[in-house]
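Reading the structure
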Amino acid sequence: MTTKSLNELSELCRSEKLAYKKCCNYVSETDNEDLRCALGNLANGHRQRYETLLTYLDKN
């Protein structure tokens with residue numbers, strides 16, 4: 001894998017981690033249960049993508 005590809009994947013990994021943290025922060029700031037649920041689902045998706053990318057990067 002090229003250095004450029006690894007750098008792009010690393011940046012994507014950082015973006016997913018940031019999106020996860022933001023969603024978690026928004027969950028803690030709202031009292032609306034429907035919104036908390038939706039944001040929690042988004043956070044879980046970002047976390048899963050982050051972990052997948054991190055696992056892939058660790059192997060390469």
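Our structure's up above, just so we're on the same page.
Worth saying up front: this structure is predicted, and the values here are computed from it rather than measured.

Rules behind the numbers
- Residues numbered from 1 in each chain as written.
- Predicted model: local features only at pLDDT ≥ 70, side-chain atom pairs only at ≥ 80, totals over all residues.
- Heavy atoms only, no water.
- Helix = DSSP H or I, 4+ residues; strand = E, 2+ residues; numbered from the N terminus.
- Rg over C-alpha atoms; globule rule 2.2 N^0.38 Å.
- Areas by Shrake-Rupley, 256 points an atom, 1.4 Å probe, with all protein chains shown as cover.
- Lys, Arg positive; Asp, Glu negative; His and termini not counted.
- Charge placed at Lys NZ, Arg CZ, Asp CG, Glu CD.
- Salt bridge = Lys/Arg side-chain N within 4 Å of Asp/Glu carboxyl O.
- Buried < 20%, exposed > 50% of the residue type's maximum accessible area, 1.4 Å probe, protein only.
- Polar contact = N/O pair within 3.5 Å; in protein donor to acceptor, adjacent residues only side chain to side chain.
- Contact = heavy atoms within 4.5 Å.

**Some words on the overall build of the protein chain**
Across its full length, the protein chain holds 2 helices and 0 strands. Radius of gyration (C-alpha) of the protein chain: 14 Å, far over the 10 Å computed for a compact globule of 60 residues. Here the C-alpha coordinates of the protein chain stretch approximately 45 × 15 × 10 Å along the principal axes. When the accessible area of the protein chain is evaluated, it comes to approximately 4500 Å², of which 51% is carbon and sulfur surface. Placing the 9 positive and 9 negative side-chain charges of the protein chain at their respective mean positions leaves the two points 7 Å apart.

**Some remarks on the pattern of salt bridges**
Per the stated rule, a full pass over the model turns up 3 salt bridges. A salt bridge links Glu-11 to Arg-14, with the nearest nitrogen and oxygen atoms 2.9 Å apart. Of this pair, Glu-11 and Arg-14 both sit in helix 1 (residues 3–29), 3 residues apart, which is roughly one turn of that helix. Assessed through its relative accessible area of 41%, Glu-11 is described here as partly exposed. We note a salt bridge from Glu-16 to Arg-49, for which the minimum N-O separation is 3.3 Å.

**Some points on the side chain of Thr-30**
Position of Thr-30 relative to the elements: it lies in the loop between helix 1 and helix 2 (33–59). A polar side-chain atom of Thr-30 sits 3.2 Å from the main-chain amide nitrogen of Asn-32. Setting aside residues no more than four positions away along its own chain, Thr-30 makes contact with Leu-35 and Arg-36.

**Quick word on the environment of Cys-37**
One can find Cys-37 in helix 2. A residue is classified by how much of its surface remains accessible, and Cys-37, at 45% relative accessible area, is partly exposed. Separated by 10 residues in the primary sequence, Cys-37 and Val-27 place their C-alpha atoms 8.0 Å from one another.

**Notes on the environment of Gln-48**
Structurally, Gln-48 is set in helix 2. Owing to a relative accessible area of 47%, Gln-48 belongs among the partly exposed residues under this scheme. Gln-48 sits 11 residues away from Lys-59 along the chain, and the two C-alpha atoms are 17 Å apart.

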